[in-house]
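Secondary and tertiary structure notes
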Amino acid sequence: MIYQSTRGAEFTARDTEAVLRGIAPDGGLYIDPALGSRPFDWRGCLALPPLGMAEKILAHLLPGFKDMDALVHRAYEGKFSAPELTPLVPVGEDYVLELFHGPTSAFKDVALSMLPRLMTAARAQEGVEDKIIILTATSGDTGKAALEGFRDVDGTGIIVFYPADGVSPVQKAQMVTQEGDNVKVCALRGNFDDCQRGVKECFARINREALLAGTGLRLSSANSINIGRLAPQVVYYFIAYGALLRRGRIKAGAWVDFVVPTGNFGDILAGYFAKLMGLPVGRLVCASNANRILTDFLCTGVYDRRRDFIKTSSPSMDILVSSNLERLLFLASGGDGAFVKTCMENLARDGVYSVGDAVLGSIRAQFSAYTCGEAGTAQTIARVWRDYGYLCDPHTAVAFSAAEEYKAERAGDAPVVVLSTASPFKFPGAVLKALGGDRSGDAFAQMDRLSRLAGVEIPGNLSGLKAKVPLHRDSIEKDGLTDYVLRVLSEREGF
Ligand SMILES: *Cc1c(COP(=O)(O)O)cnc(C)c1O
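Note that the structure is predicted; figures quoted are calculated from it, not measured. (Residues numbered from 1 in each chain as written. Predicted model: local features only at pLDDT ≥ 70, side-chain atom pairs only at ≥ 80, totals over all residues. Heavy atoms only, no water.)

Let us now look at helix α6 (residues 115-125). Burial of α6 is extensive: 8 of the 11 residues sit out of reach of the surface. At the exit of α6 stands Gly127, carrying a positive phi of roughly 65 degrees. (Buried < 20%, exposed > 50% of the residue type's maximum accessible area, 1.4 Å probe, protein only. Helix = DSSP H or I, 4+ residues; strand = E, 2+ residues; numbered from the N terminus.)

Right under this line is the structure:
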């Protein structure tokens, strides 16, 4: 029982159970309170090839799973276009960790290639016979990566909801053309927070009223609240550190700073987990877009969602309710479940909570935070291209901008690794606009132009979309999500 709810120690779970459930019965997230005190051979891990690192790290975070080696190989082998999985590329005096070489060209592939393997293994180990239906709200990238990860995986089905006007044309094309016998994609007329709220309400109502009892189906989540989503993300911090060692840029034990474009706080929290496991992670720099709620929180200790939701050119970070922050509150308060519960109740009731000086101080000892607005994002894309010949997407640009501000203020000169979370070809319109290029035509014409301009090839999964026909046309109102799920499941359309 190494996992417990962030809202109190009454709800414990085996790791296999935690992966199957996604969320604890009291609404909290599963966490291992002893992560920082269980010994881990991080130095030995750094000498391994990427899949070997993944096996060691995942076996440490999820020790109850049998045959982690086989699960890791099935998840990644042949799926990523780079042998290093996540290559580290020098750009100027810094480094970019490219997380986007998986099947959908977004960093979420790293976790969502692994999660279905963990879920089916957990289902077998827990003796569960029900088919597991994944409900996912997406701000763009999770949806496609989850669909690709779960498609045709035995014993599972997946339904994805995306905000009708909140995703890029490429992201939409990726989702509505998804093939597979166990997949469903639906547009919701609202923003990402509406999708996320709808999914949470659906879970709550179906569980409260036992609406799936006796159907042989049960719900789970692929959002980054699932510990099986977070654990695989710890791996690439080790891959980056190992690459710096091999280049001779650092010696084992030296600090390395990481700058992370952040929305739901999953990616950056995985960096903190790596640090708790012993990896010499220096500062973790949170980069927010114009929806600067996380940066405001990390600077003031006040989390206040009573603000307008801004649509930006980095839509995967357009988030006002950052779920994984709950795990940081738990860790920073020394594992105080009652404190976390109060914060979350205040957020639900008043839209705001405040953590006080002690918790804020402990967070600020590890994390820095900066914001980059829309104009700054475009300027950064252009500047990084002009100065270094490196083409980055808008999410990565937000992080580049934060890296510059951070370096201007920090003491010390540890290497800086900027996490790059999406291929620029997923957002060709925004990138061309920033470069002052011609934006006429559809997303595919834009991709072609961007490819010629930069001399970089379009990833095959994106250029191939053009020839695919839309297979999913469902769309619903904001408050219709639970009814839609119940209808789809009762008709067993595809499940
Ligand atoms: C999801 C996503 C992010 C934000 O990651 P979190 O783990 O939610 O903080 C950043 N960039 C891209 C491209 C994404 O898809």
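On to the site of the ligand, then. For the ligand, the set of nearby residues contains 15 residues, the closest of which are Lys108, Asp141, Gly263, Asn264 and Thr421. Asp141 places a polar side-chain atom, nitrogen or oxygen, 2.6 Å from an oxygen atom of the ligand. Taking 390 Å² as the accessible area of the ligand by itself, protein coverage stands at 98%. Taken together, the residues of the shell around the ligand sort by class into 5 nonpolar, 7 polar and 3 charged. (Near = heavy atom within 4 Å. Polar contact = N/O pair within 3.5 Å; in protein donor to acceptor, adjacent residues only side chain to side chain. Areas by Shrake-Rupley, 256 points an atom, 1.4 Å probe, with all protein chains shown as cover. Nonpolar A, V, L, I, M, F, W, Y, C, P; charged D, E, K, R; others polar.)

The next subject is the packing of aromatic side chains. Under the criterion given, the structure shown has 11 aromatic pairs. With centroids separated by 5.6 Å and ring planes inclined at 70 degrees, the aromatic side chains of Tyr76 and Phe80 adopt a geometry described as edge-to-face. Classification of Tyr76 as buried rests on a relative accessible area of 5%. On the basis of relative accessibility, which here comes to 11%, the residue Phe80 falls in the buried class. (Phe/Tyr/Trp six-rings, centres within 6.5 Å; stacked < 30°, edge-to-face > 60°.)

Looking now at the environment of Ile310. On the secondary structure map, Ile310 appears in the loop between β12 (302-304) and α13 (325-332). In this structure Ile310 comes out as partly exposed when scored by relative accessible area, which is 34%. Separated by 112 residues in the primary sequence, Ile310 and Gly198 have C-alpha atoms spaced 19 Å apart.

Let us look at the sheet that holds strand β14 (residues 367-371). As summarised here, the arrangement of the 6 strands in space is β4-β5-β15-β10-β11-β14, forming an open sheet in which the pairing is mixed. Each having just a single partner strand, β4 (88-91) and β14 make up the two edges of the open sheet. Here the strands of the sheet are splayed against their neighbours by 25 degrees on average, with no regard to which way each runs. With 5 bridges connecting them, strand β11 (residues 281-288) and β14 associate as parallel partners. Of the residues in β14, the one forming a bridge with Ala287 is Tyr370. (Pairing = 2+ DSSP bridges. Axes fitted to C-alpha atoms, helices over the stretch in contact; angles between N-to-C directions.)

Inspection of every chain in the model, using the stated rule, returns 26 salt bridges. Taking the shortest distance from any N to any O, the salt bridge between Glu148 and Arg151 comes out at 3.5 Å. Taking the relative accessible area as the measure of exposure, Arg151 reaches 29% and is therefore partly exposed. Across the pair Arg349 and Asp350 runs a salt bridge, and its minimum N-O distance is 3.3 Å. Three or more residues are tied together by salt bridges with common partners; here these are Arg14, Glu17, Arg21 and Glu126. (Salt bridge = Lys/Arg side-chain N within 4 Å of Asp/Glu carboxyl O.)

Nothing here speaks to function; it is all geometry.
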